[in-house]
Amino acid sequence: MHRRVLLALWFCFCAAAQETAAVNGVAVNTQTGELLAGVQVHFAIRVPEAGMVSQYGALTGKDGRFSVSAMRPGAYFVMAKHLAFVTASREGSLVTLASGQHLDGLRVELTPRALISGRVMDEAGDPVAKAVVRATAVSGDDWLLAFNGIGAGATDDRGQYRMSVPPGKFYIYANVPAEPSDEPEEIRTDGTVASVKPLTFYPSATSQGGAAAVETVSGRETNGIDIRMAHPVKLSLSGTVTGTPGGSTALVNVNALIRQGNSIYDIPAAGTGSFIIPNLEQGVYYLYAYTTGEPNLRSAMYEFTLTDSAVSGIELALRPSFEITGTLQMAEGAGSPANRAVRLEMLTNFNGDSRIGAVNSEGVFQVNGVDPE
């Protein structure tokens, strides 16, 4: 009897061992072909609400090689980190491992970072200290910047900055974050603005449309990228909110969202029929309205770019949430649709808002509480 139990356990153990996968590979400098030591290799999955989450990892040895075993079968995004390098490409980063598969010779490529340096000056040519300088890809894809935590720097007391970026083309911009103060705002009658240094693109443009692109080369420093802060302009977003039921006591709120780096700032403006959000700098804003209390209503989110003039006449229409129904069709051999889910996510994705609907055995799903978007 004991022998049978032990044999059963042994077969279960063997079956479980066959279900795991393993990967062996190397980390390579794309410029020289040199094998790289000390590279952190991550095998990550995409998790709702959390983004990329590392499941397995390894560190390359002196010979540039790494090995990961006892991995669950599935699809993984392969990512690598090293202080002096960036991943060579976003393409081809997905690896699918089958049950019991042992993948040998996986090549993880990294390329040396490029550097950008220069100065930030005010309108008089004096250095601007504590200015935040950032890079954004001309292509509009800042994935490499975000993943590697690069593309940003701060000026010293001489207005100098230096930051690392991947090789490519970038727009460079600077601004001086406002520091909280209990002192009242200074009143000026000469048409100037007190101690305000708006977001400025290189060399001195108030919007990305007027910026000059900076091209960087792997392993080299591009210097002399000096930014002369633009003349401060204070702008506003204004308009009306419609769709509030007559006799409703619900409070209408209007919010403008602006993204600076990886941070999202919420600029509220409470009102009923009309609203104005004043004292805004140049930049891209996302505007929406919602009610606090019953009935629970919301408008869609709209994008506005402020350059050199205010935007008025905006109409934000409040609407109740609604439901979406449909059918999930499975490809041949993909199994039953039962116990699966359909996820609906906002394209703007500022609030990380999403809704999930369960799928029944016939493939029918229903997503409730969907906001206008």
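Residues numbered from 1 in each chain as written. Predicted model: local features only at pLDDT ≥ 70, side-chain atom pairs only at ≥ 80, totals over all residues. Heavy atoms only, no water.

Trainee: Provide a residue-level description of the overall build of the protein chain, including the pertinent values.
Mentor: When its secondary structure is counted, the protein chain shows 2 helices and 28 strands. Sorting the 373 residues of the protein chain into buried and exposed places 37% on the buried side. Carbon and sulfur atoms form 51% of the exposed surface of the protein chain, whose accessible area is close to 21,200 Å². (Helix = DSSP H or I, 4+ residues; strand = E, 2+ residues; numbered from the N terminus. Buried < 20%, exposed > 50% of the residue type's maximum accessible area, 1.4 Å probe, protein only. Areas by Shrake-Rupley, 256 points an atom, 1.4 Å probe, with all protein chains shown as cover.)

Trainee: Give a description of the sheet that holds strand E4 (residues 65-71) that names residues and reports values.
Mentor: Spatially, E4-E1-E8-E6 is the arrangement adopted by the 4 strands of the open sheet, whose pairing is mixed. Across the chains shown, the open sheet's two edge strands, defined by having one partner strand only, are E4 and strand E6 (85-87). For this sheet, the mean angle separating the axes of adjacent strands, direction not counted, is 35°. (Pairing = 2+ DSSP bridges. Axes fitted to C-alpha atoms, helices over the stretch in contact; angles between N-to-C directions.)

Trainee: Which residues make up the sheet that holds strand E21 (residues 274-280), and what are the values?
Mentor: An order of E21-E18-E24 is seen for the 3 strands of this open sheet, with the pairing classed as mixed. The open sheet has two free edges, formed respectively by E21 and strand E24 (311-317), since each of these has just one partner strand. Within the sheet, the average angular offset between the axes of one strand and its neighbour, ignoring direction, is 25°. Pairing between strand E18 (residues 235-242) and E21: 5 bridges, direction antiparallel.

Trainee: Describe in detail the environment of Gly140, supporting the description with residues and values.
Mentor: Locating Gly140 in the fold gives a position in the loop between strand E10 (132-137) and helix H2 (143-148). By relative accessible area, which is 60% here, Gly140 ends up exposed. Along the primary structure Gly140 and Tyr171 are separated by 31 residues, whereas in three dimensions their C-alpha atoms are 9.9 Å apart.

Trainee: Account for the packing of aromatic side chains, naming residues and giving values.
Mentor: Applying the stated criterion across every chain yields a total of 5 aromatic pairs. On the basis of an interplanar angle of 70° and a centroid distance of 5.8 Å, the ring pair of Tyr56 and Tyr76 is categorised as edge-to-face. In this pair, Tyr56 is assigned in strand E3 (residues 51-59) and Tyr76 in strand E5 (residues 74-81), connecting sequence segments 20 residues apart. Tyr76 matches Tyr56 in its accessibility class, with the two residues each being buried. (Phe/Tyr/Trp six-rings, centres within 6.5 Å; stacked < 30°, edge-to-face > 60°.)

Trainee: If you had to explain the pattern of salt bridges to someone new, which residues and values would you point to?
Mentor: Inspection of every chain in the model, using the stated rule, returns 3 salt bridges. Here Glu109 ties to Arg107 by a salt bridge, and the two come within 3.1 Å at their closest N and O atoms. Here Arg162 makes a salt bridge to Glu221, at a shortest N to O gap of 3.1 Å. You can see Arg162 sitting in strand E12 (residues 160-165) and its partner Glu221 sitting in strand E16 (residues 221-222), a full 59 residues away along the chain. (Salt bridge = Lys/Arg side-chain N within 4 Å of Asp/Glu carboxyl O.)

Trainee: Which residues make up the environment of Thr87, and what values go with them?
Mentor: Along the chain, the position of Thr87 falls in strand E6. Counting along the chain gives 25 residues from Thr87 to Pro112, while the straight-line C-alpha distance between them is 8.7 Å. Residues in contact with Thr87, not counting those within four places in the same chain, are Ala80, Glu109, Leu110, Thr111, Trp143, Leu144, Phe147 and Asn148. (Contact = heavy atoms within 4.5 Å.)

Trainee: Quick one: what's the story with the side chain of Ser164, residue by residue and with numbers?
Mentor: Its place among the elements puts Ser164 in strand E12. Side-chain polar atoms of Ser164 contact the side chain of Arg113, separated by 3.4 Å. Residues in contact with Ser164, not counting those within four places in the same chain, are Arg113, Ala114, Leu115, Ile150 and Gly151. (Polar contact = N/O pair within 3.5 Å; in protein donor to acceptor, adjacent residues only side chain to side chain.)

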